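Examining the three-dimensional arrangement
Residues per chain are reported as follows:
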Amino acid sequence: MTSSRASGRTFPADFLWGSATASYQIEGAVTEDGRGPSIWDTFSATPGKTLNGDTGAVAADHYHRVDEDVALMKDLGLHAYRFSIAWPRVQPTGSGAFNPKGLDFYSRLVDQLRGADIAPVVTLYHWDLPQPLEDAGGWPNRDTAYRFADYARKVAEVLGDRVEIWTTFNEPWCSAYLGYASGVHAPGRHSHADSLAAAHHLNLAHGLGGRAIREVLPDAKLSITLNLHVTRAASTAPEDVDAKRRIDNLANEIFLQPVLEGRYPEELLADTASVTDWSFVHDGDAELCQVPLSVLGINYYSTGLVKKREGEYVPGDGTPGPDGHKSSPVSAWPAADDVEWLPQPGPYTAMGWNIEPEGLTELLVDVHTRYPEVPLAVTENGAAFYDTVAEDGRVHDVDRVTYLHDHIDAVGDAIDKGVDVRGYFVWSLMDNFEWAYGYDRRFGIVHVDYDTLVRTRKDSSYWYAELVRTNTIPTIESAADLT
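Values in this document were obtained by computation on a predicted structure and should not be read as measured data. (Residues numbered from 1 in each chain as written. Predicted model: local features only at pLDDT ≥ 70, side-chain atom pairs only at ≥ 80, totals over all residues. Heavy atoms only, no water.)

On to the sheet that holds strand S8 (residues 303-308). Overall, mixed pairing links the three strands, which are arranged S6-S8-S9 in an open sheet. The strands lining the two open edges of the sheet, one partner per strand, are strand S6 (230-233) and strand S9 (339-341). The average angle at which neighbouring strand axes cross in this sheet is 35 degrees, direction not considered. Sheet topology note: the S6/S8 ladder contains four bridges and is parallel. Along S8, the bridge assignment pairs Val230 with Thr303. Of the strands in this sheet, S6, S8 and S9 are in contact with helix H10 (residues 238-261), which crosses S8 at around 130 degrees. Contacts from helix H13 (residues 357-370) reach S6 and S8, with the element oriented near 100 degrees to S6. (Pairing = 2+ DSSP bridges. Helix = DSSP H or I, 4+ residues; strand = E, 2+ residues; numbered from the N terminus. Axes fitted to C-alpha atoms, helices over the stretch in contact; angles between N-to-C directions. Contact = heavy atoms within 4.5 Å.)

Next comes the structure, spelled out in structure tokens:
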């Protein structure tokens, strides 16, 4: 992979450089110290749901190696660490009693981060719903939103003002559509109506949870992280332009408008009328979804290309689809079976995702133009490749260095265009359980040997540490020589 972008760009002096992880992907220890089962424990233990039958039972064993991992972050010079709290670790059944040992784990982690001058950025939900809540209906059940608010309040009481930024949800799109429509993520259900109800209740939970946090911590910096899609029409034909419009509503507007404007777009309701009457939205709900944000988190990896489908929808067989996700007998896109996703030119990552840094600039500029009063942060960006440890003991991941170089430069382009971007978090700190793809794809800037759990810094980690140290984008070529 080659780069057409120049090195040497300098960022604002107060720009926040960090890395990100998720609890189920790294922690392991799924049955220890009172942790209850999550939907991902159940899903990954079900034959055929994950590649090679992999589960997060051990993952990167972060639960037992947290001291080592915080020391690693300090070596990298990170300003901030974005991690998620496992709801079933701190409240095993999702309601009722909380688990002191689980709460203590995260309290100690926050203290360790503060001691290392690393700002803790907490995500309260990164997909690991307590299984008993799923048994009671999961996110399509309205009560789950209220249980989330109770959980958010308790964590705010325990961690208090030691947390720099409170993020309610990571990528609710994935929870709603991949979990309840296509079923390629936990809990593996197949209902377009349920997926739209889940999306609403995730929005509602964000509003309720955000209010609960601010009841405890009036000055809390509040955020949500969205994986906003950059989707383009395959042609200027009206039917292709309309296909893009419908996908934009399902991917972006269903979250942006309730969270930032307190309303749902009428076009979305009309587009999906064949699936649901939206009666799960009660009077006043849309307004409840909106709570003032301190920063909006944006995750970006690739772009999409759509057109009006010619012919019938063909159910997927589980192989990766051109929309960037595993295919399924049921589409991830409610009321959009007549929209076709098209393959795009490479290069690609190991996930099969196209690499287009310009899409990140486009996205940041678009969101800022619409919501100029809301500061932005890139809360996930990175690439999976098939990394190996070389004979010299290093992991020479030049493709990842190139990817990061070009996308961070694209963030700089957005700042040059007047976008208020406050920080960037590389995904991910270390190799981890990549959901339905198990341990096959590696996103980390630190290599994890899954047999020994030994951490080995990749060239990309040295390159990123140099970026953090100098606040200036290093050359791609320098990565292999940095120590």
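From this point, the discussion proceeds with the structure in view.
Note that the residue after Gly346, namely Pro347, is joined by a cis bond; omega there is 5 degrees. Within the element layout of this structure, Pro347 appears in the loop between S9 and H13. A cis amide bond links Trp427 to the next residue, Ser428, at an omega of 5 degrees. Here Ser428 is to be found in the loop between strand S11 (421-427) and strand S12 (446-448). Positive phi values are uncommon outside glycine, yet Asn52 reaches one of about 60 degrees.

This next bit is on the sheet that holds strand S10 (residues 376-381). Around the barrel, which closes on itself, the eight strands sit in the order S1-S2-S3-S4-S5-S7-S10-S11 with parallel pairing between neighbours. On average, each strand axis in the sheet is tilted by 25 degrees relative to the strand beside it, whichever way the strands run. Sheet topology note: the strand S5 (residues 222-226)/strand S7 (residues 295-299) ladder contains four bridges and is parallel. Considered in S7, the bridge of Thr225 is made with Gly297. Sitting on the sheet, helix H15 (residues 459-470) touches strand S1 (16-20) and S11, and the angle it makes with S1 is about 155 degrees.

Here the focus is the environment of Ala136. Relative to the helices and strands, Ala136 is located in the loop between helix H6 (131-135) and helix H7 (143-159). Judged by its relative accessible area of 52%, Ala136 falls in the exposed class. For the pair Ala136 and Thr379, spaced 243 residues apart in sequence, the C-alpha to C-alpha distance is 31 Å. (Buried < 20%, exposed > 50% of the residue type's maximum accessible area, 1.4 Å probe, protein only.)

Tallied over the entire structure, the rule returns 38 aromatic pairs. Centroid distance Tyr24 to Phe433: 5.5 Å. Interplanar angle 85 degrees. Geometry classified as edge-to-face. You can see Tyr24 sitting in helix H1 (residues 23-26) and its partner Phe433 sitting in the loop between S11 and S12, a full 409 residues away along the chain. Neither Tyr24 nor Phe433 differs from the other in exposure class; each is buried. Measuring from centroid to centroid gives 4.7 Å for Trp40 and Trp435, while their planes differ by 50 degrees, and the two rings are tilted. Of this pair, Trp40 sits in helix H2 (residues 39-44) while Trp435 sits in the loop between S11 and S12; the two residues are 395 residues apart in sequence, bridging distant segments of the chain. One exposure class covers both Trp40 and Trp435, and it is buried. Positioned over the ring face of Phe98 is Lys154, at 5.7 Å from the centre of the ring. (Phe/Tyr/Trp six-rings, centres within 6.5 Å; stacked < 30°, edge-to-face > 60°. Lys NZ or Arg CZ within 6 Å of the ring centre and 35° of its normal.)

Right, let's talk about the UniProt feature "binding site: substrate" (unreviewed entry) in the protein for a bit. Feature annotation in UniProt assigns "binding site: substrate" (unreviewed entry) to the following positions: Gln25, His126, Asn170, Tyr301, Trp427, Glu434 and Trp435. Considered against the largest pocket, the annotated residues that line it turn out to be Gln25, His126, Tyr301, Trp427, Glu434 and Trp435. Within the secondary structure, Glu434 sits in the loop between S11 and S12. Taking the relative accessible area as the measure of exposure, Glu434 reaches 7% and is therefore buried. (UniProt positions renumbered as here; feature names shortened; annotations may be inferred. 1 Å grid on protein atoms, 1.4 Å probe; cavity = no way out; pocket = protein on both sides within 12 Å on 5 of 7 lines; lining within 4 Å.)

Taking 1.5 Å per residue as the helical rise, helix H9 (residues 192-216) with its 25 residues ought to reach 36 Å, and the 36 Å between its terminal C-alpha atoms agrees with that figure. For H9, a buried count of 19 out of 25 residues is recorded, marking the element as mostly surrounded by other parts of the structure. (Expected span 1.5 Å × (residues − 1).)

Time to look at the UniProt feature "active site" (unreviewed entry) in the protein. Using the residue numbers shown here, the UniProt feature "active site" (unreviewed entry) corresponds to Glu171 and Glu380. Separation in sequence by 210 residues is not matched in space for these annotated residues, since their most distant C-alpha atoms are only 10.3 Å apart. Lining residues of the largest pocket drawn from the annotated set just named are Glu171 and Glu380. When you line up the elements, Glu171 lands in the loop between strand S4 (165-170) and helix H8 (172-180).

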